[in-house]
Amino acid sequence: MKLTAEISCYPLQDNYLDPILWFIARVDSYVNIERKTNAMATQVCGEYKEVMDMLATEMEAAHEKWGKAVFVCKFIGGELNLSHTQ
């Protein structure tokens, strides 16, 4: 089963951009997960277990490296076209 998720990261520090860019770069290392980012959030799509495992791994890594951060996620079962613009 496919899963589409939208993730927003809010690092609780003055230098908030570095942790966000670091997180996005790490998401890109997962070859089976499609990623699109806009000014508000990052959308990912892939096999359900792979997306959930990636999020668990990378959110934990972000907290370990950068400290406190809020992650806001929305999930929809199925595959959405991440290039859709309307």
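### Here we look at the pattern of salt bridges
For step 1, the next point in the chain: Under the defined criterion, the tally for this structure stands at 5 salt bridges.
For step 2, the next point in the chain: Between Glu47 and Lys2 there is a salt bridge; the shortest N-O distance is 3.6 Å. Within this pair, whereas Glu47 is found in strand S3 (residues 42-47), its partner Lys2 is found in strand S1 (residues 2-11), the two being separated by 45 residues in sequence.
For step 3, the next point in the chain: With a relative accessible area of 32%, Glu47 lands in the partly exposed category.
For step 4, the next point in the chain: A salt bridge links Glu6 to Lys74, with the nearest nitrogen and oxygen atoms 3.0 Å apart. Of this pair, Glu6 sits in strand S1 while Lys74 sits in strand S4 (residues 69-77), placing them 68 residues apart in sequence.
For step 5, the next point in the chain: Residue class for Glu6 comes out partly exposed when judged on its relative accessible area of 24%.

Rules of the game
- Residues numbered from 1 in each chain as written.
- Predicted model: local features only at pLDDT ≥ 70, side-chain atom pairs only at ≥ 80, totals over all residues.
- Heavy atoms only, no water.
- Salt bridge = Lys/Arg side-chain N within 4 Å of Asp/Glu carboxyl O.
- Helix = DSSP H or I, 4+ residues; strand = E, 2+ residues; numbered from the N terminus.
- Buried < 20%, exposed > 50% of the residue type's maximum accessible area, 1.4 Å probe, protein only.

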